[in-house]
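The chain contents come next:
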Amino acid sequence: MAGAARAAWRDGYRNPAMWALYVAVPVIFILLADAITPEQPIMVTVREHGRRLAETYPMPEVHGATMPIAVASLAALAGLFTVLDSRAGDRRAALAGLRPAALLAGRLGVLAAAALLATAVSLATTASVFDAVRWPMYAAGNVRVAVTYALVGALIAPVFGRVGGVFMAFLLPFLDLGISQSPMLRAQPPTWAKALPGYGGVRVLLDGALTRGFDELGALIVALGWLVALSLAVTVAYRWSVAPPGRAWAVARIAAPQPEGAVP
C-alpha cells in the first residue's frame, strides 16, 4: 500500500496544470468575488442556540467566505486527475498481481491529501478578506466540502474523460454551492437543495463562519452520509476500472508460454 501511495503521489506531482490551478482558482473565486461584490446588505439564515435566525450582513464581508466553490472545484479537479492519470498504470499493476484494495488505498490517500491542500490554499486566501467567528469549525466545513468533491471528481473521471471532466469539475460545484446553497441568492437553501452533496458541508461552514456555537448536527450527519455513499461508489467504480471482467483471461494469456516466433 505504501508503494501504491508513493506512485500515486508521483503522478500528481508531475501534473503542472494542477499546481497552477491551486494558485489561480482561489484568486478567481475568492479575491475577485470580494473585489466585485456590491456594497449592500444580505440576509442569511443561521442556527443559534437551537433556533433559526435571519441575520443581516454586509455582502462584501461574507461573499468570498460563504461560497466554497474554490475549494470544491480544486478538490474535484484533483480527484479527476488522480483517477485519469493513474488508471492505465493501476490496471497494469493489478494484472501484475498487486491487490486493487492496496492500489485504491493509495489513491484515496492522495485524494485526501489533495483535498486538504485545496482547503489550506482556500483558507489562506479567505483569511486575507474574512475573519471567521470560529476558524476550526469553518475549516472543518471546508474540509468536508473538499473531500466530498474530491470523491465526485474521482467518479466523473471515467464518465467524462479529461476535457469533459474539467468542465464538470467546475460546473457541478457552481450549480450546487454557487446557486443551490448560496446565501447570496436566498436566506436559506430550498428544500430540494438539502439532497445535494454540498448542503451539509456548507451549513457546517456557515455555522463556523457566522455563529459562536455549534448547532448543525443534522447537517453534519448529512455531510458524513454523503462521504460514506461517495466512498462506496468510488470503491466500486475503481475496482471495476482496474480489474475488468476479462482480467483472469488476460493474466492467463500473458503467463501462457508462447510458441517460438509468436507475438504475445
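The structure we're discussing is the one just above.
Reference entry: report on the structure contained in this document. Just so it is clear, the structure is predicted and the values come from calculations on it, not from any experiment. (Residues numbered from 1 in each chain as written. Predicted model: local features only at pLDDT ≥ 70, side-chain atom pairs only at ≥ 80, totals over all residues. Heavy atoms only, no water.)

1. Here's the deal with the packing of helix α4 (residues 69–95) against helix α8 (residues 217–242)
Rules: Fitting a line to C-alpha atoms yields each axis, with helices limited to the stretch in contact; the angle taken between N-to-C directions then spans 0 to 180 degrees. Helix and strand labels come from DSSP, where a helix needs a run of H or I of at least four residues and a strand needs a run of E of at least two; each type is numbered from the N terminus. With respect to orientation, any angle under 35 degrees is reported as roughly parallel, any angle over 145 as roughly antiparallel, any angle of 65 to 115 as roughly perpendicular, and every other angle as oblique. Throughout, a residue-residue contact means that at least one pair of heavy atoms, one from each residue, lies within 4.5 Å.
The contact between α4 and α8 brings their axes to 8 Å, and the two run at 70°. What the angle tells us is that α4 and α8 run roughly perpendicular. Seen from α4, the contacting residues are Arg 87, Asp 90, Arg 91 and Ala 94; seen from α8, they are Tyr 238, Ser 241 and Val 242.

2. A closer look at the side chain of Asp 176
Selection criterion: For each residue, the accessible area found with a 1.4 Å probe, counting protein chains only, is set against the maximum for its type, and the residue is called buried under 20%, exposed over 50%, and partly exposed in between. For this count, His and the chain ends are skipped, Lys and Arg are scored as positive, and Asp and Glu as negative. Note on definitions: salt bridges are taken to be side-chain nitrogens of Lys or Arg within 4 Å of carboxyl oxygens of Asp or Glu. We call two N or O atoms a polar contact when they sit within 3.5 Å, provided that within protein one can donate a hydrogen and the other can accept it, with sequence-adjacent residues counted only if both atoms are side-chain atoms.
Along the polypeptide, Asp 176 turns up in helix α6 (residues 135–180). Here Asp 176 is buried and forms no salt bridge, its nearest opposite-charge partner Arg 186 lying at an N-O distance of 9.3 Å. For Asp 176, the side chain forms a polar contact with the main-chain nitrogen of Gly 198, separated by 2.7 Å. With residues up to four places along the chain from it excluded, the contact list for Asp 176 reads Tyr 149, Gln 181, Leu 196, Pro 197 and Gly 198.

3. Digging into the layout of surface pockets
For clarity, the cut-off: Think of a 1 Å grid over just the protein atoms. A cavity is a set of points where a 1.4 Å probe fits yet cannot get out, a pocket is an open set with protein on both sides within 12 Å along at least five of seven lines, and lining residues have an atom within 4 Å of a point. Grid points are joined across faces, edges and corners, and a volume is the space filled by probe spheres set on the points. We call Asp, Glu, Lys and Arg charged. Ala, Val, Leu, Ile, Met, Phe, Trp, Tyr, Cys and Pro are nonpolar, and the rest, Gly among them, are polar.
Roughly 260 Å³ of internal volume is contained in the largest pocket. Lining the largest pocket are 14 residues, and of these Phe 29, Ala 33, His 63, Met 67 and Ile 69 sit closest to its centre. Counting residues per element, the lining of the largest pocket draws most heavily on helix α2 (residues 16–36), at 5 residues. Residue classes in the lining of the largest pocket are distributed as 10 nonpolar, 4 polar and no charged.

4. Comments concerning the environment of Arg 212
Considering the arrangement of structural elements, one finds Arg 212 in the loop between α7 (199–210) and α8. Separated by 78 residues in sequence, Arg 212 and Arg 134 have C-alpha atoms that sit 6.8 Å apart.

5. Remarks on empty space enclosed by the protein
For the coordinates displayed, the defined rule picks out 3 cavities of 30 Å³ or more. A volume near 100 Å³ is recorded for the second largest cavity. Along its surface, the second largest cavity is lined by Thr 82, Val 83, Leu 104, Arg 107, Leu 108, Leu 111, Ala 154, Pro 158, Val 234, Ala 237, Tyr 238 and Ser 241. Every element with two or more residues in the lining of the second largest cavity is listed here: α4, α5 (100–127), α6 and α8. When grouped by side-chain class, the residues that make up the lining of the second largest cavity number 9 nonpolar, 2 polar and 1 charged.

6. Re the pattern of salt bridges
The final tally for this structure, using the stated rule, is 3 salt bridges. The partner of Arg 52 in a salt bridge is Glu 216, with the nearest N and O atoms 4.0 Å apart. With a gap of 164 residues between them, Arg 52 in strand β2 (residues 51–58) and Glu 216 in the loop between α7 and α8 connect regions that are remote in the sequence. Residues Arg 203 and Glu 216 are paired through a salt bridge, measuring 4.0 Å at the closest nitrogen-oxygen approach. Of the two residues, Arg 203 sits in helix α7 while Glu 216 sits in the loop between α7 and α8, which places them 13 residues apart along the sequence. Glu 216 carries the same exposure label as Arg 203, and that label is buried. Through salt bridges with shared partners, one network takes in Arg 52, Arg 203 and Glu 216.

7. Some remarks on the environment of Leu 111
With respect to the secondary-structure elements, Leu 111 resides in helix α5. Among the residues examined, Leu 111 registers a relative accessible area of 6% and is labelled buried. Spatially, the C-alpha atoms of Leu 111 and Ala 76 are 9.4 Å apart, while their sequence positions differ by 35 residues. Not counting chain neighbours up to four residues away, the residues in contact with Leu 111 comprise Ala 78, Gly 79, Thr 82, Ala 150, Leu 151 and Ala 154.

8. Details of the packing of α5 against α8
Any two packed helices are characterised by the angle at which their axes cross and by the distance between the axes. Note the threshold: Working rule for handedness: look at the near helix, and if it is turned counterclockwise from the far one by less than a right angle, call the crossing left-handed; if clockwise, right-handed.
Where α5 contacts α8, the axes come no closer than 10 Å and their chain directions differ by 125°. Classified by the angle between their axes, α5 and α8 sit oblique to one another. For the element pair α5 and α8, the recorded crossing hand is right-handed. Mapping the contact onto sequence places Pro 100, Ala 101, Leu 103, Leu 104, Arg 107 and Leu 108 in α5 and Val 234, Thr 235, Tyr 238, Arg 239 and Val 242 in α8. Tallied by class, the residues present in the contact of α5 with α8 amount to 8 nonpolar, 1 polar and 2 charged.

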